[in-house]
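For reference, the chains in residue letters:
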Amino acid sequence: MDSSSQSTGVDIGKRPSFQELEHGSSSGEVVDRELARYLNHDIVIDKKTNKELFWKVNKRILTIMLGTYFCQSLDKGTLGFSSIMGIKEDAHLVGDQYSWLGTIVYIGILVGEYPTNFLIQKLPVAKYLAVNVFCWGIVITCSAASSNFAGLMVIRFLLGIFESCVQPIFIILTAMWYTRDEQAVLTSIWYGMTGVQLMVGGLVAYGVSHYTDGVIKPWQLLFLVLGIATTVWAVFIGWYLPDSPITAKCFSEEEKVLLVERVRANQTGIGNKNVKIYQLKEALLDPLVLLYALLQFTSTLIIGGLTIFSNIIVNSFGFSDLNTQLLNIIQGVITIIIMVGSATVATYLEDTSIVMFIWTLPSIFGTVMVMRVTPTESTRIGLLLAFYCMQFFLAQGNLIFSLISRNVAGQTKKSVTLTITFLSWGVGNMIAPQIFQSSDAPRYTRAFTMHLFLYFIFLLFLIAARFSIIRRNRINLKYRMEALQSDDESHLHAFDDLTDIENRTFRYSI
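Residues numbered from 1 in each chain as written. Predicted model: local features only at pLDDT ≥ 70, side-chain atom pairs only at ≥ 80, totals over all residues. Heavy atoms only, no water.

J.: Explain the overall build of the protein chain here, please?
T.: Assigned secondary structure in the protein chain consists of 21 helices and 0 strands. Counting the 510 residues in the protein chain, one finds 56% classified as buried. A fraction of 86% describes how many contacts in the protein chain between residues 6 or more apart in sequence connect residues 24 or more apart. Surface summary for the protein chain: the accessible area is close to 20600 Å², and the carbon and sulfur share equals 66%. (Helix = DSSP H or I, 4+ residues; strand = E, 2+ residues; numbered from the N terminus. Buried < 20%, exposed > 50% of the residue type's maximum accessible area, 1.4 Å probe, protein only. Contact = heavy atoms within 4.5 Å. Areas by Shrake-Rupley, 256 points an atom, 1.4 Å probe, with all protein chains shown as cover.)

Printed below as a string of structure tokens:
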């Protein structure tokens, strides 16, 4: 063992007895046997060791999360890049068929959402993720062979099914490997890959747009390049990503104990493969879970449309097709700053919901400006800046996810909550492109009017969620004070697979 591990006083020999594993802890809960081998209440992890563990985890977990979310965003974003590369004409898309290509992906996600959340709880998450990424890479590659609306609809539907596992797995990985204090920023970093894909995708799209005299169209070449790259990445995932801290062969037995104990304070557990019916019922009846779902739904009604129609909107300001592709680079940089900035401020203030409120205001301003100012040579730069203000709302997605990962405990409850909120996410994204109707082009005044209404509804749900969280913390405060004053160790029930409502010492993040 290295010196950093020794300083923590890890006793690998100290394990719960067979009777304790068989009959459970004093709370009446049976501790997961595999996890119980690595529990050690006596460990105190110093800052130096914690930092070393954090960066070791990043090498494995964050690397995979960043690369995978980048691939997902880039592959899903190919429709936006190809929208001004001739796909509409070559595939003979008419009317609102382009909008339906945006919608069908999320119908696929909705179809795949329940089975994927069930399988995540039963299968090794790393291997399951690798298989799905490989499959959607094949699907993207096959997109190059699609020459009509029907073929593209089938391809996009399958893409949605295979991509439906990414966000649920990422939230589970984040809660499994990282402390509460780390989760908000880390969630924003992998969510910030949306910005990186705009930059890289914009450059790739700009490059292949010059491929005009080949045997295939530029947009087909784009699909081929990105699809093959994704399948290669999937093989790397299967080899490099561990399924959990307790099964990771890349860490020593001593490090596994430390990795488990460093996330004890989360009180959200690491994993329990037993489905608990009472937790399922609690998730379905919990008003806060409903509010999370409504926040997801209203935010994606806005974000989904802006993502699909981004290039078309910027193009309508008076920029050429090639310049519009290059402007994706600037938009990508702004998106990264917005994503990481929102989480950094939320972590500093220890208040996520207030940042969500503040980040909505520039979006409202930008939407009003785009609606009221007519595109001309002299106004197109101002309209572009207003459009960039609208990008502030993109941060809501990762902030909502970070709240869910920190505020929902109990493995079955978390799984059901993820299913509910991702169904809301999928339905919102499914409907979002339909808000932009071809009859409303190119200004899309009715679509942006609807966005203004949705901003107002979103803020109402946000305020309701904030007051609900504050109320629960006040109720639990006396129990936490009693626990601190007693001889019991802090976070004693962290791995008992209790729900956030069951565990009366649980502290919600606002």
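Now that the structure has been shown, we can carry on.
J.: Looking at this structure, I do not really get the packing of helix α15 (residues 287-316) against helix α20 (residues 411-435). What am I missing?
T.: Axis angle and axis distance: for two packed helices, these are the angle between their axes and the distance between the axes, and together they describe the pair. Running from amino to carboxyl end, α15 crosses α20 at an angle of 35°, the nearest separation of the two axes being 7 Å. For the element pair α15 and α20, the recorded crossing hand is right-handed. Tallied by class, residues from the contact of α15 with α20 come to 14 nonpolar, 9 polar and 1 charged. (Axes fitted to C-alpha atoms, helices over the stretch in contact; angles between N-to-C directions. Left-handed = near helix turned anticlockwise from the far one by under 90°. Nonpolar A, V, L, I, M, F, W, Y, C, P; charged D, E, K, R; others polar.)

J.: What exactly am I supposed to notice about the pattern of salt bridges here?
T.: Side-chain pairing between opposite charges can occur once the charged atoms of the two side chains come close. Applying the stated criterion across every chain, the model contains 10 salt bridges. Members of the salt-bridge network, linked through shared partners, are E282, D286, K413, R472 and D500. (Salt bridge = Lys/Arg side-chain N within 4 Å of Asp/Glu carboxyl O.)

J.: Sorry, what's going on with the packing of aromatic side chains here?
T.: The description of an aromatic ring pair uses the distance of the two centres, along with the angle that the planes make with each other. Under the defined criterion, the tally for this structure stands at 21 aromatic pairs. Centre to centre, the rings of F309 and F436 are 4.8 Å apart; their planes meet at 15°, and the pair counts as stacked. A residue pair is termed long-range when its members are at least 10 positions apart, and F309 in helix α15 and F436 in the loop between α20 and α21 (445-485) qualify at 127 residues. In terms of burial, F309 and F436 fall into one category: buried. Between F317 and F387, the ring centres sit 6.4 Å apart and the planes meet at 75°, which makes this aromatic pair edge-to-face. Placement of the pair is F317 in the loop between α15 and α16 (321-349) and F387 in helix α18 (residues 380-390), with a sequence separation of 70 residues. Side by side, F317 and F387 carry an identical accessibility label, which is buried. Ring pairing ties together the aromatic residues Y98, F309, F436, Y444 and F448, which thus form one cluster. The cationic tip of R60 hangs over the ring face of Y240; the distance from NZ or CZ to the ring centre is 4.1 Å. (Phe/Tyr/Trp six-rings, centres within 6.5 Å; stacked < 30°, edge-to-face > 60°. Lys NZ or Arg CZ within 6 Å of the ring centre and 35° of its normal.)

J.: Would you mind going over the nonpolar core with me for this structure?
T.: The tendency in soluble globular proteins is for nonpolar side chains to be buried as a group. Counting residues in hydrophobic clusters, the biggest one holds 125 residues, and the most contacted among them are L129, F170, L173 and W177. Apart from the residues lying within four places of it in its own chain, the contact partners of L129 are I64, T68, C165, V166, I169, F170, I237 and L241. (Core = buried A, V, L, I, M, F, W, Y, C linked by side-chain atoms within 4.5 Å.)

J.: Please clarify how the packing of helix α4 (residues 47-82) against helix α13 (residues 253-262) should be interpreted in this entry.
T.: Between α4 and α13, whose axes approach to 11 Å, the crossing angle comes to 100°. When the interaxial angle is binned, α4 and α13 end up roughly perpendicular. When α4 is examined against α13, the residues T49, N50, L53, F54, K56 and V57 are found in contact with a partner set consisting of E255, L258, L259 and R262. (Parallel < 35°, antiparallel > 145°, perpendicular 65-115°, else oblique.)

J.: What's the story with the side chain of Q331 in this structure? I'm lost.
T.: Inspection of the secondary structure puts Q331 in helix α16. By relative accessible area, which is 4% here, Q331 ends up buried. Side-chain polar atoms of Q331 contact the side chain of Q391, separated by 3.3 Å. Non-local contacts of Q331, meaning those with residues more than four positions away in its chain, are made with L198, S310, F387, Y388 and Q391. (Polar contact = N/O pair within 3.5 Å; in protein donor to acceptor, adjacent residues only side chain to side chain.)

J.: Is there a simple way to explain a nonpolar patch on the surface in this structure?
T.: Taken together, the side chains of V345, Y348, L349, I354, F357, I358, L361, I463 and F467 present a nonpolar region at the surface, about 850 Å² in accessible area. At the level of elements, α16, α17 (352-372) and α21 are the ones that each hand at least two residues to the nonpolar patch. By residue number, the principal contributor to the nonpolar patch is α17, which donates 4 residues. The topology assignment puts F357 in helix α17. (Patch = residues over 30% accessible without salt bridge, like charges linked within 9 Å, V, L, I, M, F, W, Y side chains within 5 Å.)

J.: It is not clear to me how the side chain of T231 should be interpreted in this structure. Could you clarify?
T.: Considering the arrangement of structural elements, one finds T231 in helix α12 (residues 218-240). If near-sequence neighbours (up to four positions away) are discounted, T231 is found in contact with F134, G137 and I138.

J.: How should helix α8 (residues 149-163) be read in this particular structure?
T.: The terminal C-alpha atoms of α8 lie 21 Å apart, and with 15 residues this matches the ideal 21 Å at 1.5 Å per residue to within 8%. Listing the buried residues of α8 in full gives L152, M153, I155, R156, L159, G160 and E163. Buried residues along α8 cover an arc of 165° about the axis, so they all sit on one side. Residues of α8 that are buried make contact with α4, α5 (87-90), α6 (97-122), α7 (125-143) and α9 (166-177). (Expected span 1.5 Å × (residues − 1). Arc of directions from axis to C-beta.)

J.: I'm lost on the environment of S99 in this one. Help?
T.: With respect to the secondary-structure elements, S99 resides in helix α6. According to the relative accessible area criterion, S99 is buried, its value standing at 3%. Distance from S99 to Q437, taken between C-alpha atoms, is 7.7 Å for residues 338 residues apart in sequence. Not counting residues up to four positions away in its chain, the partners in contact with S99 are F309, P433, Q434 and F436.

J.: What am I meant to see in the environment of Q434 here?
T.: Relative to the assigned elements, Q434 resides in helix α20. Along the chain, Q434 and S99 lie 335 residues apart, while their C-alpha atoms are 6.0 Å from each other. Q434 has contacts with S99, W100 and T103, leaving out every residue within four places of it along the chain.

J.: Just checking my understanding: could you explain unusual backbone geometry for this structure?
T.: Glycine aside, residues mostly have negative phi angles, and peptide bonds mostly take the trans form. A441 connects to P442 through a cis peptide bond whose omega is 0°. Inspection of the secondary structure assignment puts P442 in the loop between α20 and α21. At E350, a position not held by glycine, the phi torsion is positive, near 55°. Judged by its relative accessible area of 64%, E350 falls in the exposed class.

From the geometry alone we can't say anything about function, so treat these as descriptive.
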